[in-house]
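Residues per chain, in single letters:
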Amino acid sequence: IAKPLPSGDAARIVRDIAQGLGYAHSRGIIHRDIKPQNILMSDGGIPRITDWGMSKVMGTGFLPTITGFSLSYAAPEQIAPDRFGETDQRTDIYQLGVVFYELLTGELPFGGDDITRVSARILNEIPHLPSDITPAAMPYDRIVSKCLEKDPAVRYQSVKELVDELERILVTQIDIERYEIFDE
């Protein structure tokens with residue numbers, strides 16, 4: 001998918017991914033490696049979450065001996081669990097926020113090649129609002145910012161909360177990028 005996407009399209013894709021995560025979460029499973037490479041789009045434009053190899057059954061206390069995730073999409077608790085707590089469904093919400101940011105802007109909120117610098121930025125910096133890069137993303141700034149909160153307690157506590165927030169905007173927002181009826 002060429003990025004950035006029209007904001008309404010990005011929101012619909014993120015909503016659909018969130019609904020899939022909600023299904024997994026309702027069965028006690030968290031993914032922990034949400035990134036574009038793990039989302040396949042069907043011919044009908046429906047996102048499918050793949051690569052559940054990093055997933056964890058919530059409440060089992062199972063701690064993998066090797067933690068693997070994509071740093072650019074990592075939640076603070078994956079980098080510094082002593083500071084931010086263990087991974088849970090809010091980890092998936094953070095990672096989905098990174099995907100949403102990227103779909104809206106064409107950029108990662110904390111990009112770069114230096115592992116130490118990227119890690120430090122994820123743990124300590126607040127990213128630019130998506131609308132600073134793509135003005136049409138403004139209706140979704142607050143949602144993305146809440147997904148990307150460092151403290152999991154300040155993020156959406158469930159993907160249902162996220163889906164509900166996206167739906168409120170999607171049902172009231174005309175995707176201006178698609179309708180150029182006012183242009184001469």
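Residues numbered from 1 in each chain as written. Predicted model: local features only at pLDDT ≥ 70, side-chain atom pairs only at ≥ 80, totals over all residues. Heavy atoms only, no water.

## A short note on the pattern of salt bridges
- The final tally for this structure, using the stated rule, is 11 salt bridges.
- With its nearest N and O atoms 2.9 Å apart, the salt bridge here joins Arg121 to Glu125.
- The partly exposed category is assigned to Arg121, whose relative accessible area is 24%.
- Here Glu125 falls in the partly exposed class, since its relative accessible area comes to 34%.
- For Arg168, the salt bridge goes to Glu165, with nearest N and O atoms at 2.8 Å. Taken as a pair, Arg168 and Glu165 lie in helix 8 (residues 159-170) at a separation of 3 residues, close to a single helical turn.
- Several salt bridges share partner residues, and in doing so they unite Arg15, Asp16 and Glu167 into one network. (Salt bridge = Lys/Arg side-chain N within 4 Å of Asp/Glu carboxyl O. Buried < 20%, exposed > 50% of the residue type's maximum accessible area, 1.4 Å probe, protein only. Helix = DSSP H or I, 4+ residues; strand = E, 2+ residues; numbered from the N terminus.)

## Points about the packing of helix 1 (residues 7-26) against helix 8
- One can describe the packing of helix 1 onto helix 8 by two numbers: an axis separation of 9 Å at closest approach and a directional angle of 155°. In terms of axis orientation, helix 1 runs roughly antiparallel to helix 8. Taken as a pair, helix 1 and helix 8 cross one another with a handedness that is left-handed. Each of Gly8, Ala11, Arg12, Val14, Arg15, Ala18, Gln19, Leu21, Gly22 and His25 in helix 1 lies in contact with helix 8, whose residues at this interface are Val159, Leu162, Val163, Leu166, Glu167 and Leu170.
- The class makeup of the residues in the contact of helix 1 with helix 8 is 9 nonpolar, 4 polar and 3 charged. (Axes fitted to C-alpha atoms, helices over the stretch in contact; angles between N-to-C directions. Parallel < 35°, antiparallel > 145°, perpendicular 65-115°, else oblique. Left-handed = near helix turned anticlockwise from the far one by under 90°. Contact = heavy atoms within 4.5 Å. Nonpolar A, V, L, I, M, F, W, Y, C, P; charged D, E, K, R; others polar.)

## Side note on the environment of Ile133
- Inspection of the secondary structure puts Ile133 in helix 6 (residues 130-133).
- For the pair formed by Ile133 and Leu104, sequence separation is 29 residues and the distance between their alpha carbons is 8.7 Å.
- Once residues lying within four places of it in the same chain are set aside, the contact partners of Ile133 are Tyr101, Thr105 and Glu107.

## Notes on the packing of aromatic side chains
- Applying the stated criterion across every chain yields a total of 1 aromatic pair.
- Its end group placed over the ring of Tyr156, Lys146 keeps NZ or CZ at 4.7 Å from the ring centre. (Phe/Tyr/Trp six-rings, centres within 6.5 Å; stacked < 30°, edge-to-face > 60°. Lys NZ or Arg CZ within 6 Å of the ring centre and 35° of its normal.)

## Topic: helix 5 (residues 115-124)
- Buried within helix 5 are the following residues: Val118, Ser119, Ile122 and Leu123. For helix 5, the angular spread of the buried residues around the axis is 130°, confining them to a single face. Turned more than 90 degrees away from the buried face of helix 5 sit Thr116, Arg117 and Asn124, all of them exposed.
- In this structure, the buried residues of helix 5 make contact with helix 2 (76-79), helix 3 (81-84) and helix 4 (89-105). (Arc of directions from axis to C-beta.)

The analysis is restricted to geometry; functional conclusions fall outside its scope.
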